[in-house]
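# Examination of the molecular architecture
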Amino acid sequence: MSSQIALFGGAAVGTLVLLNVLLKPKTFRLVMMGVTAGAFVGGTITYINYYRKHSIKASFVPLGISKPKLNFSKVQPEIYSHLSTDYEERGELDLGEEHITVKPNVFAQIGVIDVPGVRLMWTKHILPILRDTYKTSNLESMSLTDKAVEDDIVFCDIGSGVGNVCLQVLAETNCKKTVGIEVIPSRLRASVVATENAKKAYPEEFQQKEAVWIEDDLANCSEKLKKEGVNVIFTHSWMFDDNLMKILSEVIADVPSIQCVITSRKLDDQKLAKTNLQFYSKAHFTADWNDQAPFFVYAVKNS
Ligand SMILES: C[S@@+](CC[C@H](N)C(=O)[O-])C[C@H]1O[C@@H](n2cnc3c(N)ncnc32)[C@H](O)[C@@H]1O
């Protein structure tokens, strides 16, 4: 330390001597006055800051999304190793399930939103909407973290296929509970096996989480959604017809806890008018059938 002070002192004296030799006496005096005034002001500010006590305690609330717990792109192949190529080539149907695909109100074509698509939906749409909802209903929301918002989400995928979206949400966010509704039994069974695999392979991340899987036609599900406390709905409904969209809108209108809906096809306007939800924005996510698959986003009206 003392050698550093000696070095600094030597450099300062050397600079002064050099300036004295190089500059005219009047210029030298001016430079010296400037240096002295600068040193005085700088020193005073440093001194005041050193002794000053902050009257307001700074609180640090991280902005943006919380760090993903797991990378679902890596997890997915491992927990879905039970899906055979034959099953995938049959369009994720078991032999003998074909008759279900021709039942009324069943549109069994598979089509998946991909991993980055789910992330975009979560961070740019679901979290901001729920954060806004909390802000208007909770005065303590100034320090609301993404974790606090995610903790309260019960996410439901209507037409959950083999469960990829729900399991990604559980893997990568703080959301503790998801609900998947699917009409094709083998897809539901695949979701259950994938959940068991995830709990075995990643106990720390999955053990405290709950994945509820319901095998049923979505038309019968409003009581189940209420019972599970669902507040966010996603539905990759691009192949649903107008009638099924009406039924879906009726189900949604029957569940007052819902705060956000993301659906490929528009909700029915008349049914929507009976709810506290309103159209919020359009969104585009990457899916296996379209890099810019369009979605409609609905949010609860903030009073
Ligand atoms: C396009 S896939 C979506 C898969 C997954 N949610 C995703 O986005 O990656 C739509 C799913 O909705 C299911 N589905 C179709 N009609 C249904 C109905 N009436 N009730 C419940 N599920 C239905 C289909 O079987 C299919 O698995």
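Quick caveat: nothing in here was measured; it's all calculated off a predicted structure. Within each chain, residue numbers correspond to sequence positions counted from 1 in written order. Where totals are concerned, whole chains, interfaces and linings use all residues; where local detail is concerned, this predicted model gives features only for residues with pLDDT of at least 70, and gives and counts side-chain atom pairs only at 80 or more.

### Regarding the overall build of the chain
- A tally of helices and strands in the chain yields 12 helices and 7 strands.
- With 303 residues in all, the chain has 31% of them scored as buried.
- By definition, residues are in contact whenever their C-beta atoms, placed on the basis of the backbone, come within 7 Å of each other. For the chain, restricting intrachain contacts to residue pairs at least 6 apart in sequence, the fraction spanning at least 24 positions comes to 68%. Segments assigned H or I by DSSP are reported as helices when at least four residues long, segments assigned E as strands when at least two residues long, and all are numbered from the N terminus. Three exposure classes are used, based on other C-beta atoms lying within 10 Å of a residue's own C-beta, which is placed from the backbone: buried for 20 or more, exposed for 12 or fewer, and partly exposed in between.

### Points about the pairing of strand S1 (residues 154-158)
- Of all 5 residues making up S1, 5 are buried, and the element is well covered by its neighbours.
- Where S1 meets strand S2 (residues 177-182), 5 bridges bridge the pair, whose relative direction is parallel. Residue pairing across strands places cysteine 156 opposite valine 179, the latter belonging to S2.
- Handedness of the crossover is the feature at issue here: the chain leaves S1, passes through helix H7 (residues 164-172), returns alongside S2, and the resulting connection is right-handed. A pair of strands is labelled paired if DSSP reports no fewer than 2 bridges between them. Here the term right-handed applies to a crossover when the path leading from its first strand over the helix to its second strand runs clockwise, the strands being oriented away from the viewer.

### So, the sheet that holds strand S5 (residues 260-263)
- If you trace the 7 strands from one edge of the open sheet to the other, you get S3-S2-S1-S4-S5-S7-S6, paired in mixed fashion. Of all strands in the sheet, those bounded by a partner on one side alone are strand S3 (210-215) and strand S6 (277-287). Strand after strand, the sheet turns through a mean of 15° between neighbouring axes, direction not considered.
- As a rule, the C-alpha atoms of each element are fitted with a line to give its axis, helices using only the stretch in contact, and angles between N-to-C directions run from 0 to 180 degrees. Lying over the sheet, helix H8 (residues 185-201) contacts S2 and S3, oriented at roughly 165° with respect to S3.

### What to know about the packing of helix H3 (residues 72-79) against H8
- Between H3 and H8, the least distance of the axes is 9 Å, while the angle of their chain directions is 115°. When the axes of H3 and H8 are compared, the crossing they make is right-handed. Contacts between H3 and H8 involve Val75, Glu78 and Ile79 from the first element and Ala194, Asn197, Ala198 and Ala201 from the second.
- Three classes are used: nonpolar for Ala, Val, Leu, Ile, Met, Phe, Trp, Tyr, Cys and Pro, charged for Asp, Glu, Lys and Arg, and polar for all others, with Gly counted as polar. Looking at the contact of H3 with H8 residue by residue, the class counts come to 5 nonpolar, 1 polar and 1 charged. The hand of a helix crossing depends on one turn: near helix anticlockwise from the far one by less than a right angle means left-handed, and clockwise means right-handed.

### Quick word on the confidence of the model for the chain
- Note on scores: pLDDT gives the predictor's confidence for each residue, bounded by 0 and 100. In the predicted model, the chain carries a mean pLDDT of 88, and the fraction of residues at 70 or more is 86%.
- Across residues 53-64, where pLDDT falls below 50, the model places 4 contacts with residues more than four positions away in sequence or in other chains.

### What about H8?
- A helix's residues, less one, multiplied by 1.5 Å, set its expected span. In this model H8 runs 24 Å from its N-terminal to its C-terminal C-alpha over 17 residues, within 8% of the 24 Å that 1.5 Å per residue would give.
- The complete set of buried residues in H8 reads Ser186, Arg187, Leu188, Ala190, Ser191, Ala194, Thr195 and Ala198.
- Where the residues of H8 are buried, they touch H3, H7, S2, helix H9 (203-206) and S3.

### Section: unusual backbone geometry
- Non-glycine residue glutamate 92 carries a positive phi angle of around 55°.
- Secondary-structure assignment places glutamate 92 in the loop between helix H4 (85-89) and helix H5 (115-137).
- Non-glycine residue asparagine 105 carries a positive phi angle of around 65°.
- Mapping asparagine 105 onto the fold places it in the loop between H4 and H5.

### Let's talk about the nonpolar core
- For this analysis, nonpolar core means a set of buried Ala, Val, Leu, Ile, Met, Phe, Trp, Tyr and Cys residues linked through C-beta atoms within 7 Å. Residues Cys156, Ile233, Ile252, Cys260 and Val261 are the most contacted members of the largest nonpolar core, which totals 61 residues.
- The leading source of residues in this core is H5, at 8 residues.
- Apart from residues lying up to four places away in sequence, cysteine 156 is in contact with Val179, Ile181, Leu225, Val230, Val232 and Ile233.

### A few points about helix H11 (residues 242-253)
- Between its first and last C-alpha atoms H11 spans 16 Å; for 12 residues at 1.5 Å apiece the expected length is 16 Å, and the two agree.
- For H11, the elements touching its buried residues are S1, helix H10 (222-228), strand S4 (232-235), S5 and helix H12 (269-272).

### Focus: the pairing of strand S7 (residues 290-300)
- Bridge analysis of S5 against S7 gives 4 bridges, and the strand direction is antiparallel. Bridged to threonine 263 within S7 is phenylalanine 296.
- Of the strand pairs in this sheet, S6 and S7 are connected by 9 bridges, and their pairing is antiparallel. Pairing of alanine 283 across the sheet is with phenylalanine 295, part of S7.
- Taking the residues that link successive antiparallel strands as the turn, the S6-S7 hairpin has 2 residues.

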